[in-house]
Amino acid sequence: METIARKPATSLRPLVLTWLALVGLTLVSPQLGNGLGGQDAVQLVVAAIIWLKGHLVARHFIEAELAHPFLRNVLRFFIAFTPIAIVLTTFFGDSFARFASL
């Protein structure tokens, strides 16, 4: 049985498109406070943008899918940690504050 080794991408087109998407998400982010009504909705959109940007960077610039599965899973956890923390503190902030205080 022959396995096909995956190689890093050599085309610049996906990188340029990803970079443009990252710049676009960055430029849209400050407008969220004006466009969306409630603070909870803004926090959910911010968490989604953070996750999307992390995913794009890991996939196209770091090429995480070529890494060892352990490293790939650590990177996935790292990317998901901040958006999950934002969502949890948005909805359960008082509980987390009491939990973290002495």
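Rules of the game
- Residue positions are given per chain, counted from 1 along the sequence in the order it is written.
- Residue-level local features of this predicted model are given only where pLDDT is at least 70; pairs of side-chain atoms are given and counted only at 80 or more, and the full residue set underlies all totals for whole chains, interfaces and linings.
- The side-chain figures draw on all heavy atoms in the structure; neither hydrogens nor water molecules are used.
- We call a set of buried Ala, Val, Leu, Ile, Met, Phe, Trp, Tyr and Cys residues a nonpolar core when their side-chain atoms join them within 4.5 Å.
- When accessible area is computed with a 1.4 Å probe and restricted to protein chains, residues below 20% of their type maximum are described as buried, those above 50% as exposed, and intermediate ones as partly exposed.
- Secondary structure counts use DSSP, requiring at least four H or I residues in a row for a helix and at least two E residues in a row for a strand, with both numbered from the N terminus.
- The contact criterion used throughout is that any non-hydrogen atoms of two residues lie within 4.5 Å.
- What pLDDT expresses is the predictor's confidence in each residue, scored from 0 to 100.
- Two joining distances apply to patches: 9 Å for like charges and 5 Å for nonpolar side chains (Val, Leu, Ile, Met, Phe, Trp, Tyr), and every residue must have over 30% relative accessible area and no salt bridge.
- Calculation of accessible area relied on Shrake-Rupley with a 1.4 Å probe; when residues are assessed, cover is drawn exclusively from the protein chains displayed.
- Any Lys or Arg side-chain nitrogen found within 4 Å of a carboxyl oxygen on Asp or Glu counts as a salt bridge.

**Quick word on the nonpolar core**
Now for step 1: The biggest cluster of nonpolar side chains holds six residues, and these are L22, L25, L32, V42, I49 and L56.
Now for step 2: At three residues, the largest contribution of residues to this core is made by helix α3 (residues 39-61).
Now for step 3: For I49, the residues in contact, after removing those within four places along its chain, are L25, S29 and L32.

**As for the confidence of the model for the chain**
Now for step 1: Taken residue by residue, the chain gives an average pLDDT of 85. The fraction at 70 or more is 86%.
Now for step 2: Looking over the chain, one finds the lowest element-wise mean pLDDT in helix α2 (residues 32-35), namely 71, and the highest in helix α1 (residues 13-28), namely 92.

**Here we look at a nonpolar patch on the surface**
Now for step 1: Residues L12, V16, L17, W19, L20, V57, F61 and I62 make up a contiguous nonpolar surface patch of roughly 770 Å² in combined accessible area.
Now for step 2: Put simply, the parts of the chain that give the nonpolar patch at least two residues each are α1 and α3.
Now for step 3: Among the structural elements, V16 can be located in helix α1.
Now for step 4: On the basis of relative accessible area, V16 is assigned to the partly exposed category, the value being 44%.

**Observations concerning the environment of L88**
Now for step 1: Note on placement: L88 falls in helix α4 (residues 69-100).
Now for step 2: Of the residues examined, L88 reaches a relative accessible area of 32% and is grouped as partly exposed.
Now for step 3: For the pair L88 and L44, spaced 44 residues apart in sequence, the C-alpha separation works out to 10.0 Å.

**Regarding unusual backbone geometry**
Now for step 1: Its identity as a non-glycine residue notwithstanding, E63 has a phi of 55°, on the positive side.
Now for step 2: With respect to the secondary-structure elements, E63 resides in the loop between α3 and α4.

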